[in-house]
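# Observations on the model geometry
Each chain, letter by letter, is given below.
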Amino acid sequence: MILIIAFICALVLMAIQRFIYARFWSKGLSVETTYKYTELEAGESNELIEIITNNKRLPLPMLHVKFDTPKSFIFENEANSSVSDNYYRDDVFTVMGHQRIKRTLKFTCEKRGCYYMHDTNITSSDLFLSLILTGKRINNSIIHVFPKKLDLKFFDIPFQTISGDFISQRTLVEDPFEFKGIREYQPYDGIKKINQKSTAKNNKLMVNTYFMTSSQEVIILLNVNMQAYKSDSRLVEGIISLASSIAERFVSIGVPVGLYTNGADIYTGDQLIIESGSGSKHMFRIDTALARVDVSKETYDFSSVLSNTFKHISSNAYYIVISNDRRDNIRNVYENAKKSGLASYFIVPELASLDVQENITDMIKWNIEY
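The paragraphs below set out a description of the structure included in this document. Note that the structure is a prediction, hence the values are computed from the model and not measured.

### Brief notes about the environment of Phe-107
Here Phe-107 shows up in strand β8 (residues 99-109). For Phe-107, a relative accessible area of 2% puts it in the buried group. Discounting residues that sit within four places of it in the chain, Phe-107 has contacts with Tyr-35, Glu-44, Ser-45, Asn-46, Glu-47, Leu-48, Phe-73, Ile-74 and Phe-75.

Right, here's the structure in full:
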């Protein structure tokens, strides 16, 4: 009889705890997965941070936290993970009542791109591991991995030519979007530059100052289509890195840079265009746009991109065309613009072992080493 009573009590207790866990297991449970850096360059290290908070008395003897990240994120610890089209991880925790657990996973962002972190799936159980309880935590994290910067020794002479022309011709103007600092008012300063707060604090007129930028500009025209290597992502990634590196070099000396590409945004599908600008914030905008280029999507016709850009050739602009694809329709648009006075270079990224047979005005070959 005692055994029967004990058995019945055990069943009742099990039913009670199952009811309690089924109803309250997720109450006060917070599961966060975030990145330490959401903007960084390809090849740099990052950290994925898991934070589990159980803000109630009820302990969780087993909590599975499941999430996936792009397989181009190379983690130091591959335990509890599998890799196919994505990197899938399943971490198991025992979380006591009113406990907070933090785990940091170090990884390297190997490839350029814009990555959306999917929702986190969680699975728990009761004290006797007889009940499966599932839930989901929404995650809206987006990480931009910028193109890796390249050595531009091959571009030294064209860069010196362009920057030399700009230095001899340009006038420098202040960029109102690139704040530099505050100084005391001088007779030649405009009223609009007066900083009211600093003036009141110092009891004398103080004005904002801004970094100087060139009145001339460089326009980069980037073609993400290949002439013969449709499936080779290494080529197109190298070309995107080249555009980013050239833009950074001109921005660093105060020359405004615009970017026109036939690539499509990974989320909106829109053509990626960045109007001319300068300064570190503008370089951030360029790199963000290049990170969002989806080379798997259908691209816009590059000859049309060139035609639209060359309709009104600016005498204050230098155009840099970057295209492995140099078929007739592209070359014809470019050569016609050259006859109309286009100041430009045509950079052809190509394997070092291959020659460029086409005769293109002001062409530079960039040798890609594998």
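From this point on, the discussion continues.
### Brief notes about unusual backbone geometry
Residue Leu-129 is not a glycine yet carries a positive backbone phi of 55 degrees. Mapped onto the elements of the fold, Leu-129 is located in the loop between β10 (120-124) and β11 (133-137). Positive phi outside glycine occurs at Asp-362, with the angle close to 55 degrees. Along the chain, Asp-362 falls in the loop between β19 (344-351) and β20 (363-368).

### Let's talk about the sheet that holds strand β2 (residues 39-41)
Two modes of strand pairing occur in sheets, parallel and antiparallel, and in both the strands are linked by backbone hydrogen bonds. The strand order across the open sheet formed by three strands is β2-β12-β9, and the pairing between neighbours is mixed. The open sheet is flanked by β2 and β9 (113-116), the only strands paired with a single partner. Averaged over all neighbouring strand pairs, the angle between strand axes comes to 20 degrees, with direction disregarded. Where β2 meets strand β12 (residues 142-146), three bridges bridge the pair, whose relative direction is parallel. Bridged to Leu-40 within β12 is Val-145. Across the face of the sheet, helix α5 (residues 280-291) comes into contact with β2, β9 and β12 while running at roughly 105 degrees to β12.

### Remarks on the sheet that holds strand β3 (residues 45-54)
Overall, antiparallel pairing links the four strands, which are arranged β1-β3-β8-β5 in an open sheet. Two strands in the sheet have a free side with no partner beyond their single neighbour: β1 (29-35) and β5 (73-75). With strand direction ignored, the average angle separating the axes of adjacent strands in the sheet is 30 degrees.

### Some remarks on the side chain of Asp-265
Tracing the backbone shows Asp-265 in the loop between β16 (257-264) and β17 (271-277). Side chain to side chain, Asp-265 and Arg-292 meet in a polar contact 2.7 Å long. Those residues in contact with Asp-265 that lie beyond four places of it in its chain are Asp-270, Leu-272, Arg-292 and Lys-297.

### A closer look at α5
Taking 1.5 Å as the rise per residue, α5 with 12 residues should run 16 Å; its terminal C-alpha atoms sit 16 Å apart, in good agreement. On its buried face, α5 sits against β9, β12, β15 (217-222), α4 (233-251), β16 and β17.

### Overview of the pattern of salt bridges
Summed over the entire model, instances satisfying the criterion amount to 11 salt bridges. We note a salt bridge from Lys-149 to Asp-287, for which the minimum N-O separation is 3.1 Å. Of this pair, Lys-149 sits in the loop between β12 and α2 (156-169) while Asp-287 sits in helix α5, placing them 138 residues apart in sequence. Here Arg-326 makes a salt bridge to Glu-350, at a shortest N to O gap of 3.1 Å. Remark: Glu-350 occurs in strand β19 and Arg-326 occurs in the loop between β18 (317-322) and α7 (328-339); sequence separation between them is 24 residues. Classification of Glu-350 as buried rests on a relative accessible area of 3%.

### Details of the nonpolar core
Among the nonpolar cores identified, the biggest contains 38 residues, and Ile-246, Phe-250 and Ile-322 are the most heavily contacted of them. Sort the elements by how many residues they give to this core and α4 lands first, with 10 residues. Here Ile-322 is in contact with Ile-220, Leu-221, Leu-222, Asn-223, Ile-239, Leu-242, Ala-243, Ile-246, Ile-347 and Pro-349, once residues within four sequence places are set aside. Ranked by size, the runner-up nonpolar core spans 30 residues in total, among them Leu-58, Ile-101, Phe-107 and Met-117.

### Structural notes on the pairing of β3
Burial runs high along β3: eight of the 10 residues are buried. With seven bridges connecting them, β1 and β3 associate as antiparallel partners. Along β3, the bridge assignment pairs Glu-32 with Ile-51.

### Considerations on the pairing of β19
With eight of its eight residues buried, β19 lies for the most part within the structure. Across four bridges, the pairing between β18 and β19 is parallel. Its bridge partner being in β19, Tyr-319 is matched across the sheet by Ser-344. Assessed by its sense of winding, the connection that carries the chain from β18 through α7 to β19 is right-handed. Bridge analysis of β19 against β20 gives six bridges, and the strand direction is parallel. Paired with Val-348 across the strands is Lys-365, a residue of β20.

Cut-offs used in this document
Residues numbered from 1 in each chain as written. Predicted model: local features only at pLDDT ≥ 70, side-chain atom pairs only at ≥ 80, totals over all residues. Heavy atoms only, no water. Helix = DSSP H or I, 4+ residues; strand = E, 2+ residues; numbered from the N terminus. Buried < 20%, exposed > 50% of the residue type's maximum accessible area, 1.4 Å probe, protein only. Contact = heavy atoms within 4.5 Å. Pairing = 2+ DSSP bridges. Axes fitted to C-alpha atoms, helices over the stretch in contact; angles between N-to-C directions. Polar contact = N/O pair within 3.5 Å; in protein donor to acceptor, adjacent residues only side chain to side chain. Expected span 1.5 Å × (residues − 1). Salt bridge = Lys/Arg side-chain N within 4 Å of Asp/Glu carboxyl O. Core = buried A, V, L, I, M, F, W, Y, C linked by side-chain atoms within 4.5 Å. Right-handed = clockwise from strand over helix to strand, strands pointing away.

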